[in-house]
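Examining the three-dimensional arrangement
Chain by chain, the residues:
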Amino acid sequence: MDLILNYVDYNFFTPYVYPTTWPEDEAFRQIISLLIVTNLGALVLYLLFGTLSYYFVFDHSLKQHPQFLENQVQLEIKYALQSLPWISIPTVGLFFAEVRGYSRLYDNIEDSPYGWFGVILSMLSFLFFTDMCIYWIHRFLHHKLVYKHLHKPHHRWKVATPFASHAFHPVDGFLQSIPYHIYPFLFPLHKVTYLGLYIAVNVWTISIHDGDYRVPDLLKHIINGSAHHTDHHLYFDYNYGQYFTLWDKIGGSYKIPSSFEGKGPHDYLRKLKSGELASVKNPHADEDVVSRDSLKNK
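Quick caveat, the model's predicted, so the values are computed rather than measured.

**Structural notes on the nonpolar core**
Grouped together as the largest cluster of nonpolar side chains are 24 residues, with contacts concentrated most on Met 1, Leu 34, Phe 126, Tyr 180, Leu 189 and Tyr 194. Ranked by residues supplied to this core, first place goes to helix α4 (residues 115-141) with four residues. Non-local contacts of Tyr 180, meaning those with residues more than four positions away in its chain, are made with Phe 126, Thr 130, Ile 134, Tyr 194, Tyr 198, Val 201, Thr 205, Gln 242 and Tyr 243. Residues Leu 62, Ala 80, Ile 87 and Ala 164 belong to the second largest nonpolar core, which totals 21 residues.

**Structural notes on the side chain of Lys 255**
Position of Lys 255 relative to the elements: it lies in the loop between α9 (246-251) and α10 (265-274). Take Lys 255: its relative accessible area is 18%, and that puts it in the buried class. In terms of polar contacts, Lys 255 uses its side chain to reach the side chain of Asp 231, at 2.9 Å. If near-sequence neighbours (up to four positions away) are discounted, Lys 255 is found in contact with His 228, Asp 231, Tyr 235, Tyr 238 and Asn 239.

**A closer look at the packing of helix α3 (residues 72-99) against helix α6 (residues 170-186)**
Where α3 contacts α6, the axes come no closer than 9 Å and their chain directions differ by 20°. Classed by the angle they form, the pair α3 and α6 counts as roughly parallel. α3 and α6 meet at a crossing whose hand is right-handed. Contacts between α3 and α6 pair Ser 83, Trp 86, Ile 87, Pro 90, Thr 91, Leu 94, Phe 95, Ala 97 and Glu 98 from the former with Pro 170, Gly 173, Phe 174, His 181, Pro 184 and Phe 185 from the latter. Residues that form the contact of α3 with α6 fall into these classes: 10 nonpolar, four polar and one charged.

**Side note on the layout of surface pockets**
The calculated volume of the largest pocket comes to roughly 740 Å³. What lines the largest pocket is a set of 37 residues, and nearest its centre among them are Ala 42, Leu 45, His 166, Tyr 198 and Asn 202. With seven residues, helix α7 (residues 191-207) is the largest single contributor of residues to the lining of the largest pocket. Residues of the lining of the largest pocket, tallied by class, amount to 18 nonpolar, 19 polar and no charged.

**Describing the packing of aromatic side chains**
In this structure the tally under the stated criterion is 23 aromatic pairs. By the ring-pair criterion, three or more aromatic residues cluster together here, those being Phe 12, Phe 13, Tyr 16, Tyr 18, Trp 22 and Phe 28. Positioned over the ring face of Phe 260 is Lys 220, at 4.9 Å from the centre of the ring. Over the ring of Tyr 254 we find Lys 249; its NZ or CZ atom is 5.1 Å from the centre of that ring.

**Observations concerning the confidence of the model for the protein**
In the predicted model, the protein carries a mean pLDDT of 91, and the fraction of residues at 70 or more is 92%. Below pLDDT 50 for its whole length, residues 285-298 participates in 21 contacts with residues either more than four positions away or in separate chains.

**Examining the pattern of salt bridges**
A side chain of one charge can pair with a side chain of the opposite charge if their charged atoms are brought near each other. For the structure shown, the criterion picks out seven salt bridges. Here Asp 212 ties to Arg 214 by a salt bridge, and the two come within 2.6 Å at their closest N and O atoms. When its relative accessible area of 72% is taken as the criterion, Arg 214 is described as exposed. A salt bridge links Lys 220 to Asp 217, with the shortest nitrogen-to-oxygen separation between them at 3.3 Å. Look at Asp 217 and you get exposed, because its relative accessible area is 62%. Salt bridges linked by common partners bring Asp 2, Asp 107 and Lys 191 together as one network.

**Details of α6**
Given a rise of 1.5 Å per residue, 17 residues ought to cover 24 Å, and the 25 Å separating the end C-alpha atoms of α6 matches this to within 8%. A maximum bend of about 40° is found in α6 at Ser 177, where proline Pro 179 lies one to four positions downstream. Turning to α6, its buried residues are Asp 172, Gly 173, Phe 174, Gln 176, Ser 177, Pro 179, Tyr 180, His 181, Tyr 183 and Pro 184.

**Quick word on the packing of helix α1 (residues 2-17) against α7**
Two quantities define a packed helix pair, namely the angle between the helix axes and the distance between the axes. The geometry of α1 relative to α7 is characterised by a closest axis approach of 9 Å and an angle of 95° between their N-to-C directions. Overall, the two elements α1 and α7 adopt an arrangement that is roughly perpendicular. Between α1, through Asp 2, Leu 3 and Ile 4, and α7, the contact on the second element is made entirely by Lys 191, Val 192 and Leu 195. Looking at the contact of α1 with α7, its residues break down into four nonpolar, no polar and two charged.

Definitions and cut-offs
Residues numbered from 1 in each chain as written. Predicted model: local features only at pLDDT ≥ 70, side-chain atom pairs only at ≥ 80, totals over all residues. Heavy atoms only, no water. Core = buried A, V, L, I, M, F, W, Y, C linked by side-chain atoms within 4.5 Å. Buried < 20%, exposed > 50% of the residue type's maximum accessible area, 1.4 Å probe, protein only. Helix = DSSP H or I, 4+ residues; strand = E, 2+ residues; numbered from the N terminus. Contact = heavy atoms within 4.5 Å. Polar contact = N/O pair within 3.5 Å; in protein donor to acceptor, adjacent residues only side chain to side chain. Axes fitted to C-alpha atoms, helices over the stretch in contact; angles between N-to-C directions. Parallel < 35°, antiparallel > 145°, perpendicular 65-115°, else oblique. Left-handed = near helix turned anticlockwise from the far one by under 90°. Nonpolar A, V, L, I, M, F, W, Y, C, P; charged D, E, K, R; others polar. 1 Å grid on protein atoms, 1.4 Å probe; cavity = no way out; pocket = protein on both sides within 12 Å on 5 of 7 lines; lining within 4 Å. Points joined across faces, edges and corners; volume = space filled by probe spheres on them. Phe/Tyr/Trp six-rings, centres within 6.5 Å; stacked < 30°, edge-to-face > 60°. Lys NZ or Arg CZ within 6 Å of the ring centre and 35° of its normal. pLDDT = per-residue confidence, 0-100. Salt bridge = Lys/Arg side-chain N within 4 Å of Asp/Glu carboxyl O. Expected span 1.5 Å × (residues − 1). Bend = angle between axes of the 7 residues up to and from the residue.

This is the structure we're talking about:
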């Protein structure tokens, strides 16, 4: 994060915002700057990529699904925009520790003991480490003692849009982001690589809520994509993983996506339009559907 902080200090904060007598490396100034940068960055990532995904990837026919709530898109955006500033507060604490040099982030490729191979290896280990951690954090959030207090708001969106990606309770959102932040305190990681990975995981989070279930056949049971995560929203106890299905298979929570079996939300809508549902039960009817009134009252 110090790369971004140095950039905005040089181009904006120092010449236009802060007094020239206030040193750039002063702790309180860095915290204020990080709060501004983190909140603006989160807004840009969420709104930019969420909007692109919503208009160019998301299938708008899903809004006709019986479990798609009235004004759901506006509600998702509103909830996310209310949560992101709160999530940013503990996040800035971790970014501040990075900036002050407590992490194992490094500037130059030659600083890696294995050169470019070490950079590539760190990218892979970052994905597998964070996927493992998020799986167990996610399962914990589904425990009956904490679910209704923290994770239930995210499950309001049974048939999600890309804007549901960051529509979390603030504590829920921060807990699931912790693995991204603690990795560079535990393992060496190139600074630019870390920034790229941080953007990529946010885009991925948006993509698994986009309703586009297409995955190459060879990867259908390896990658935890939108089809898998849609079933997590619909059926609750399955597919907790973030990128891969590995930990769901280890933990006994893997479920073949209903859309791969011709029983997904799109299939339900096709049957609804064709009139087949006169004799076919809605596969999602047994779900704990959140009524419009109950959503408005929470």
